[in-house]
Amino acid sequence: MTNLSMKHLRYFDALARIGHFGRAADDCAVSQPALSIQIRELEELIGAKLVERGGRRAALTVLGEQFAERARAILQSVDELEGLARAARGSFSGQLRLGVIPTVAPYLLPGLIKALAATYPDLDPRPREAVTRKLIRDLAEGRLDAAVVALPVSEPLLEEVSLFREEFVLVRAVEDAEKPVPSSERLTEMRLLLLEEGHCFREQALSFCSVSTASPRDLMEGSSLSTLVQMVSAGIGVTLIPQMAVETETRSATVSIARLREPRPSRTIGMVWRKTNPLSVQLNLVAEIVREVGLRKVGLTADPLD
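Scope of this entry: the structure provided in the associated data block.

Counting through the fold element by element, Phe 92 comes out in the loop between α4 (62-89) and β3 (94-100). Overall, Phe 92 belongs to the buried group, its relative accessible area being 6%. Considered as a pair, Phe 92 and Val 286 are 194 residues apart in the sequence and their alpha carbons are 10.0 Å apart.

Encoded structure:
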C-alpha cells in the first residue's frame, strides 16, 4: 500500500479549494486522471470517502472538510520549514510565489521580473494575478509568499510595507482635452465606466466620486482597465485609471488624459506577507525592488510616502 505523501495532500488541497477535478489538475500542472488517482489513493489510505463525485465536479464530505483544514495546516508548516532552510542558506533562491492585483500586474511585472533576475539570478518568480480578496486568502493559507496590493488590508496576521503612492487620472474623449476638468461631484453626473465588482480599484474610484450606488444607465462596468479605456475611445463615457497604467493603456486608444482637481484621488501600493514567514528579511529586500520599479513606472524618483 502506498504511504501518505505530500503529493496526496497538495492534490487534495487543490481539489478542496477549487471543487473541480479538471481545474484542480491544471492548478497542480498534472493531468486530470493523474490527480483523480492520487485522490482515490488517499481515500484508500484513510479508509473513508473525502469527496462526493459528480462528473468532474467535486464536493467534500464532512470528513473531507475536516481533512482539508488539517492538510492545509500541514502544507503551510512544510512551506515555512522550507523557508527556514532557504533563509539559513543566505542567498535568496528557489520559488517566489508573488500575488499581484490586476490593476498593477500588467504594468509592474515586466520590469519587476527583470529586476529580480538581475539581483537574484537563482530566484524563480511565480507571479499570480488575482483580486485582493483571493490574494489575502491564498496568503493566509500558505499558497503565496507575498502579494502586491493596494493598502491598507488591515489583516492582523500580515505584515504590511508601504511602497509608493500613485494618483488616479481621468480618461475622456480626445475632443474633450481642452475642456475644464470636472469635479468629483460633476463626475457623478457623467457616464462613469468602472471595473466590475471585486476589484478594490472600483471601490476607491467610487469613494472619490462619493457614489455608493448607480443605475446601469449612469454606471457601466468592464473586466479590465484596457476595456474601460477602449470604451472611452469609442465615445461611451469617462473613466479613472491609476497613473502607472497610462502609458500602456493609451498607446492604442484615442483618448485624452487629465489630472483631477485637488484633493486628487490616489492609492498606496504595498507588499504584504505572513508575519510568521521565515523569509521576512528577504521579502523586505524584494519589497525595495518592487518600490524602485513602481516609482519608475509612475514617473517618480523620490519617495512619495515621505
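That shown, we press on.
A separate point is the side chain of Arg 202. Relative to the helices and strands, Arg 202 is located in helix α8 (residues 200-208). Looking at Arg 202, the relative accessible area reads 6%, which means it is buried. Among the polar contacts listed, one links the side chain of Arg 202 to the side chain of Glu 221, at a separation of 2.8 Å.

This next bit is on the nonpolar core. Core analysis: the biggest nonpolar cluster contains 61 residues, and Val 148, Met 271 and Val 272 have the highest contact counts within it. Counting residues in each nonpolar core, the second largest holds 19 residues, with Tyr 11, Ala 14, Leu 35 and Leu 42 among its members.

Packed helix pairs are characterised by how far apart their axes lie and by the angle those axes make with each other. Axis separation between helix α1 (residues 6-18) and helix α3 (residues 32-46) bottoms out at 9 Å; the angle between their running directions is 110 degrees. For the element pair α1 / α3, the angle class is roughly perpendicular. Our pair here, α1 against α3, has a crossing hand that is left-handed. On α3, the residues that touch Lys 7, His 8, Tyr 11, Phe 12 and Leu 15 of α1 are Ala 34, Leu 35, Gln 38, Ile 39, Glu 41, Leu 42 and Leu 45. Within the contact of α1 with α3, the residues separate by chemical class into eight nonpolar, two polar and two charged.

Let's shift gears to the layout of surface pockets. Space inside the largest pocket adds up to approximately 830 Å³. Arg 10, Gln 95, Arg 97, Arg 128 and Arg 143 are, among the 30 residues lining the largest pocket, the residues nearest its centre. Elements represented by at least two residues in the lining of the largest pocket include exactly α1, α2 (21-28), α4, β3 and β4 (123-129). Considering every element that reaches the lining of the largest pocket, the biggest residue donor is α4, with seven residues. When the residues that make up the lining of the largest pocket are grouped by side-chain class, the tally is nine nonpolar, four polar and 17 charged.

On to the environment of Leu 112, then. As for its position among the elements, Leu 112 is in helix α5 (residues 105-119). Leu 112 gets classed as buried once you look at its relative accessible area, which sits at 0%. Spatially, the C-alpha atoms of Leu 112 and Arg 291 are 9.5 Å apart, while their sequence positions differ by 179 residues. Filtering out sequence-adjacent residues up to four positions away, Leu 112 remains in contact with Leu 98, Ile 289, Val 290 and Val 293.

The rules we used
- Residues numbered from 1 in each chain as written.
- Predicted model: local features only at pLDDT ≥ 70, side-chain atom pairs only at ≥ 80, totals over all residues.
- Heavy atoms only, no water.
- Helix = DSSP H or I, 4+ residues; strand = E, 2+ residues; numbered from the N terminus.
- Buried < 20%, exposed > 50% of the residue type's maximum accessible area, 1.4 Å probe, protein only.
- Polar contact = N/O pair within 3.5 Å; in protein donor to acceptor, adjacent residues only side chain to side chain.
- Core = buried A, V, L, I, M, F, W, Y, C linked by side-chain atoms within 4.5 Å.
- Axes fitted to C-alpha atoms, helices over the stretch in contact; angles between N-to-C directions.
- Parallel < 35°, antiparallel > 145°, perpendicular 65-115°, else oblique.
- Left-handed = near helix turned anticlockwise from the far one by under 90°.
- Contact = heavy atoms within 4.5 Å.
- Nonpolar A, V, L, I, M, F, W, Y, C, P; charged D, E, K, R; others polar.
- 1 Å grid on protein atoms, 1.4 Å probe; cavity = no way out; pocket = protein on both sides within 12 Å on 5 of 7 lines; lining within 4 Å.
- Points joined across faces, edges and corners; volume = space filled by probe spheres on them.

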